Amino acid sequence: MQKSQDNLESLLKESDLQAFKKVKVYVQLLYLDENKHYQQMIIGAIQNGIRQQVDHVFYLYSLRLAKEAIETFQFDFIEQFEQQLLSDYERIALWRFDQPDRKNQLFSINPTKEQQIHSQSSLVLLLEEIKVWAIWFPKNKNGSSTKFYQLYEKLLDQGVQFPGFQYFKQDQVLQKANYNLMNKDQVIPKQQIDDIGQQEERDNLMKKIQELTYLNDRQKEIIDQQNQIIQNLTNKENKNEDKLMKFQQELQDCKEDLIKRTISYEKQLKDLMMEINQLRKN
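Residues numbered from 1 in each chain as written. Predicted model: local features only at pLDDT ≥ 70, side-chain atom pairs only at ≥ 80, totals over all residues. Heavy atoms only, no water.

Student: Could you give an account of the overall build of the protein chain, naming the residues involved and the relevant values?
Tutor: Helix and strand content of the protein chain: 10 helices and 0 strands. The linear arrangement of helices and strands in the protein chain, starting from the amino end, is α-α-α-α-α-α-α-α-α-α. Counting across all 282 residues of the protein chain, residues that qualify as buried make up 44%. Considering only contacts within the protein chain whose residues lie at least 6 apart along the sequence, 71% involve residues at least 24 apart. Summed over its atoms, the accessible surface of the protein chain is roughly 15500 Å², and 45% of this surface lies on carbon and sulfur atoms. (Helix = DSSP H or I, 4+ residues; strand = E, 2+ residues; numbered from the N terminus. Buried < 20%, exposed > 50% of the residue type's maximum accessible area, 1.4 Å probe, protein only. Contact = heavy atoms within 4.5 Å. Areas by Shrake-Rupley, 256 points an atom, 1.4 Å probe, with all protein chains shown as cover.)

In structure tokens:
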């Protein structure tokens, strides 16, 4: 396993898109990670990358690895990441956060041009990851705030300024927010319909109804959760008012999009029910 981690870290030290494509192969192993070996290998590589400040390529690509790995939505991995790496994220986010020149000096007081670029990219990516993960994973199963959300609120309280969406696409952030709302053990019961002699057509209609009902319920849950996030953020201190208003607008735009989709789902569901009623009459 150590050899595999060494190979992964070697790829992270190459400023080459082809090398990073090979890194993504390691990320895919999280789907097959029954013994949790690969998740610890990836966490270990990220830790080594962001706990040093000599190799700026290794540093930046370790953060990119973190983004790719979290986006597998493998919750065993996410829980371990939360436990083992968020303290590093907090340390970096707070490093000289009130100094205007910090964005260029993550790797050196007198950085080269390449170091400046990678310093800026690393800080933007790290802060954006913290913000997006707080949106994706705001609550634990027991209703308490996750460490992702706690860290985001703590940084806001201390005056850390967060960037807009650069490494993440805003619409995809909201689409993926429902992953944390899903209960993988939940089964939507199949509705019972009288036998009308059209079994195959009936089953297809019921499948569509189940899918639309499921999506409709999840969209409503997302809207409620985003409303709560907006309410929490708008109660922050005045020193963060501008950033909070910007973030509130982003969430509001996404919420309006979800409402439109919910209305569409409800209309489709209504049309399908009318179709079922017509079949019954036949």
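Student: Give a description of the packing of aromatic side chains that names residues and reports values.
Tutor: Applying the stated criterion across every chain yields a total of 14 aromatic pairs. On the numbers, 5.4 Å between centres and 65 degrees between planes, the contact of Phe 20 with Tyr 61 is edge-to-face. Here Phe 20 is found in helix H2 (residues 17-28), whereas its partner Tyr 61 is found in helix H4 (residues 56-70), with 41 residues between them in sequence. In this structure, Phe 20 and Tyr 61 share a single accessibility class: buried. Both rings, one in Phe 73 and one in Phe 137, keep their centres 5.8 Å apart while their planes meet at 55 degrees; by these two values the pair is tilted. (Phe/Tyr/Trp six-rings, centres within 6.5 Å; stacked < 30°, edge-to-face > 60°.)

Student: An account of the pattern of salt bridges is requested, with residue identities and associated values reported.
Tutor: In the structure shown here, the tally under the stated rule is 7 salt bridges. Among the ionic pairs, Arg 51 bridges to Asp 88, the shortest N-O distance being 2.9 Å. Of the two residues, Arg 51 is situated in the loop between helix H3 (37-50) and H4 and Asp 88 in helix H5 (residues 75-94); the sequence distance between them amounts to 37 residues. Taken together, the shared-partner salt bridges in this structure form one network comprising Arg 51, Asp 88 and Arg 91. (Salt bridge = Lys/Arg side-chain N within 4 Å of Asp/Glu carboxyl O.)

Student: Please provide a residue-by-residue account of the packing of H5 against helix H7 (residues 147-157), values included.
Tutor: A packed helix pair is summarised by two numbers, namely the angle formed by the two axes and the spacing between the axes. Where H5 contacts H7, the two axes come as close as 10 Å, and the packing angle between them is 10 degrees. One way to sum up the angle between H5 and H7 is to call them roughly parallel. Touching Ile 78, Phe 81, Glu 82, Gln 83, Leu 86, Tyr 89, Glu 90, Ala 93 and Leu 94 of H5 are Lys 147, Phe 148, Leu 151, Lys 154 and Leu 155, all from H7. Split into classes, the residues belonging to the contact of H5 with H7 amount to 9 nonpolar, 1 polar and 4 charged. (Axes fitted to C-alpha atoms, helices over the stretch in contact; angles between N-to-C directions. Parallel < 35°, antiparallel > 145°, perpendicular 65-115°, else oblique. Nonpolar A, V, L, I, M, F, W, Y, C, P; charged D, E, K, R; others polar.)

Student: Explain the packing of H5 against helix H6 (residues 113-136) to me, and be specific about the residues and the numbers.
Tutor: Orientation of H5 relative to H6, taken along the N-to-C sense of each, is 130 degrees, at an axis distance of 11 Å. Taken together, the axes of H5 and H6 are oblique relative to one another. When you trace H5 past H6, the crossing you get is left-handed. Where H5 abuts H6, its residues Phe 81, Tyr 89, Ile 92 and Ala 93 lie against Leu 123, Leu 126, Leu 127, Glu 129, Ile 130 and Trp 133. Residue composition of the contact of H5 with H6, by class: 9 nonpolar, no polar and 1 charged. (Left-handed = near helix turned anticlockwise from the far one by under 90°.)

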